[in-house]
Amino acid sequence: MGLIVQKFGGSSVANAERVMNVAKIVTDTYKQGNDVVVVVSAQGDTTDDLIAKAKEINPAAAKREMDMLMAAGEQISIALLAMAIEKLGCPSISLLGWQAGFQTNSVYSAARIKKVDTTRLKTEIGNRKIVVVAGFQGVNKYDDMTTLGRGGSDTSAVAIAAAMHADKCQIFTDVDGVYTADPRKVKNAKRLAEITYDEMLELATLGAQVLNNRSVEMAKKYNVELEVISSLNPIPGTMVKETAKMEKMLVRGVTKDSDASRISIVGVSDVPGIAYKVFSLLAAKNINVDIILQSIGRDGTKDITFTVNEANADEAVKAIESLPFIGDAKITRDDTVAKVSVVGAGMETHPGTASTMFEALFGQDINIQMISTSEIKISVLIDRKDADKAVAAVHEAFFGND
Ligand code: ADP
Ligand code: ASP
Ligand code: MG
C-alpha cells in the first residue's frame, strides 16, 4: 500500500476500449488499497492532428496559441478516463495541469516545470479519489496554458511522483519495456530488465521516444525509480534507476534520430571568438546544438559544421545569417541526415566499441559524415535513407541476430 503514479500514453487511451482497459488497471491498483494519481496523454494521434489543424490556418502561429490548442488533447482524455473509472465503481476526479498545481516558466511549447503545488492533489487523494491529471501541460505566471514539449506527459508523471514522494512511478505504454533498439524496427531487439538513468537519458535524447529525456533527467535528480511497462500486457517492465546490472552487456542500446539537420558555415574568418559568437547566439534562442565539427584553418578561413533538430534549422540559419562577421562565408543546410548512436556505460572500459560500430556500417557500405563520442555513447551522422539499415546492422554487431 502506498501512493502510486501511473502514466498512460496516447496509444494506451486511443479509443473507448483502451480507456476502459486503463480504468481497469487503475481501479485494480486502487482496490489493493493504494492511493492513485493517473497522468494521461492525448488520445492516439490527437496532438499531431491538432498541430496539422493549426498549420492549415497559420503555419507561423504564435507558440502561445499552439499551447492553448495542444493542451486541449489531454483535456479530452482526463474527462473520459474519469468517466470510465466512475463506471467501474470507484470515485475519481479529473484535473487540468493548472488545477493539479503545475506551475511552469513561459517558454511556450517547451515549458519547464518550476513547481508542482500539491495542495489540490493532496485534498483529492485525502477524499479517496483516483486523481486523473492532464499530462504535458501547466500554467505560467500570466495564467496562460503552457505545454512541456512533445512527449511531455512522462515528465508530468515524474514531477508528481517527485513532489508527492510517491512509492512507485509506472510509465505504461504500447511496448513492454525498454529494448536494446526500437522493437518495432529491429526484430531481435532485447528487452532490458534494468537500465541506469544516465544510459536511459542518452537513449532518450538520441531518439528512443519510449521515455521523454526531460522525464529521465528529473527522475535522476529526484531519485524517482521508473518502471516502463505495457498497458496491454502488464508483466513486469524495465526499471530505470541509479545502478543497473550490466548483464555482461557492453552497450545497452542502439538508437536513431531522423530529425537532424546539418548546418555548415563554410569559409568563415579563422579568428578567435567565431565559435563562441555562433553558439552563444543559438543558445540564446533556445536552439540545442548537437555534434560540432570545426576544420583546421586554411588561407585565413575555416569551416564550422554542426547539427540541430530539423524543427529548429530555419531559425538557426536565419540567426547565423544575421551575424556581422559572416560576410562571404557560405551557409549550407542539409535535412537528409540522421544520427545513429550506441549507448552503454560498459563502453568506457572497452576500446573496441567504436571500431565494432564503424565496421558494421562499413559492412553496409554506409558513409559516416560526422562522429561524436562521450564516455557512454558514440554517435555518427549518416544519410537519412540508410538510418534503419544502420541501426539493424549495428544492433546485430553488438547483440547478434538470434
Ligand atoms: P506513449 O504514447 O505511450 O508515450 P511513445 O510512442 O511515446 O508512447 O513511446 C513508445 C514507443 O517508443 C514504442 O512504440 C516504440 O516503437 C518506441 N521506441 C523507440 N525506441 C525504443 C526502445 N529502445 N525501447 C522501447 N521502445 C522504443
Ligand atoms: N500528447 C503530447 C504529445 O503527443 C504529450 C505526450 O504524448 O506525452 O507529444
Ligand atoms: Mg511518449
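Scroll up for the structure.
None of these values were measured; they are calculated from a predicted model.

Points about the packing of helix α6 (residues 197-205) against helix α7 (residues 213-221)
Here is step 1 of the chain: Where α6 contacts α7, the axes come no closer than 8 Å and their chain directions differ by 165 degrees. With respect to their mutual orientation, α6 and α7 come out roughly antiparallel. You can see that α6 and α7 cross each other, and the crossing is left-handed. Of the residues in α7, those touching α6 at Tyr-197, Asp-198, Met-200, Leu-201, Ala-204 and Thr-205 are Asn-213, Val-216, Glu-217, Ala-219 and Lys-220.
Here is step 2 of the chain: Its residues assigned to classes, the contact of α6 with α7 shows six nonpolar, two polar and three charged.

Quick look at the site of ligand 1
Here is step 1 of the chain: Taken together, 18 residues lie around ligand 1, and Thr-173, Asp-174, Tyr-179, Asp-182 and Arg-184 are the ones closest in.
Here is step 2 of the chain: One nitrogen or oxygen atom from the main chain of Tyr-179 is found 2.9 Å from a nitrogen atom belonging to ligand 1.
Here is step 3 of the chain: Take Asp-182: an N or O atom from its side chain is 2.8 Å from an oxygen atom of ligand 1.
Here is step 4 of the chain: Considering ligand 1 on its own, with 570 Å² of exposed area, one finds that the protein chains cover 86% of that surface.

Remarks on the sheet that holds strand β15 (residues 289-294)
Here is step 1 of the chain: Taking strand neighbours across the sheet as the criterion, the four strands line up as β15-β16-β14-β17 in an open arrangement whose pairing is antiparallel. The open sheet has two edge strands with one neighbour each: β15 and β17 (330-334). Within the sheet, the average angular offset between the axes of one strand and its neighbour, ignoring direction, is 15 degrees.
Here is step 2 of the chain: As judged from the five bridges shared by strand β14 (residues 260-269) and β17, these two strands associate in the antiparallel manner. Considered in β17, the bridge of Ile-265 is made with Ile-331.
Here is step 3 of the chain: This element, helix α8 (residues 274-284), spans β14, β15 and β16 (301-309) of the sheet and lies at about 20 degrees to β16.

Focus on the site of ligand 2
Here is step 1 of the chain: Taken together, the residues surrounding ligand 2 are Ser-41, Ala-42, Thr-47, Glu-74, Phe-136, Arg-150, Gly-151, Gly-152 and Ser-153.
Here is step 2 of the chain: Backbone polar atom of Gly-151 to an oxygen atom of ligand 2: 2.9 Å apart, as the coordinates give it.
Here is step 3 of the chain: Residue Gly-152 places a main-chain N or O atom 3.4 Å away from an oxygen atom belonging to ligand 2.
Here is step 4 of the chain: Of the residues contributing to the shell around ligand 2, the split by class is two nonpolar, five polar and two charged.

Digging into the packing of aromatic side chains
Here is step 1 of the chain: Summed over the entire model, instances satisfying the criterion amount to two aromatic pairs.
Here is step 2 of the chain: A centroid spacing of 4.5 Å and a plane angle of 15 degrees characterise the contact between Phe-8 and Phe-172, whose relative ring orientation is stacked. Pair noted here: Phe-8 is in strand β1 (residues 3-8) and Phe-172 is in strand β9 (residues 168-173), with a separation of 164 residues, a long-range link. In this structure, Phe-8 and Phe-172 share a single accessibility class: buried.

Some thoughts on a nonpolar patch on the surface
Here is step 1 of the chain: Where nonpolar side chains cluster on the molecular surface, the patch consists of Ile-76, Leu-80 and Met-83 and spans about 260 Å² of accessible area.
Here is step 2 of the chain: In this fold, Leu-80 is placed in helix α3 (residues 63-87).

Reading the values: the criteria
- Residues numbered from 1 in each chain as written.
- Chains lettered and ligands numbered in written order.
- Predicted model: local features only at pLDDT ≥ 70, side-chain atom pairs only at ≥ 80, totals over all residues.
- Heavy atoms only, no water.
- Axes fitted to C-alpha atoms, helices over the stretch in contact; angles between N-to-C directions.
- Helix = DSSP H or I, 4+ residues; strand = E, 2+ residues; numbered from the N terminus.
- Parallel < 35°, antiparallel > 145°, perpendicular 65-115°, else oblique.
- Left-handed = near helix turned anticlockwise from the far one by under 90°.
- Contact = heavy atoms within 4.5 Å.
- Nonpolar A, V, L, I, M, F, W, Y, C, P; charged D, E, K, R; others polar.
- Near = heavy atom within 4 Å.
- Polar contact = N/O pair within 3.5 Å; in protein donor to acceptor, adjacent residues only side chain to side chain.
- Areas by Shrake-Rupley, 256 points an atom, 1.4 Å probe, with all protein chains shown as cover.
- Pairing = 2+ DSSP bridges.
- Phe/Tyr/Trp six-rings, centres within 6.5 Å; stacked < 30°, edge-to-face > 60°.
- Buried < 20%, exposed > 50% of the residue type's maximum accessible area, 1.4 Å probe, protein only.
- Patch = residues over 30% accessible without salt bridge, like charges linked within 9 Å, V, L, I, M, F, W, Y side chains within 5 Å.
- Salt bridge = Lys/Arg side-chain N within 4 Å of Asp/Glu carboxyl O.

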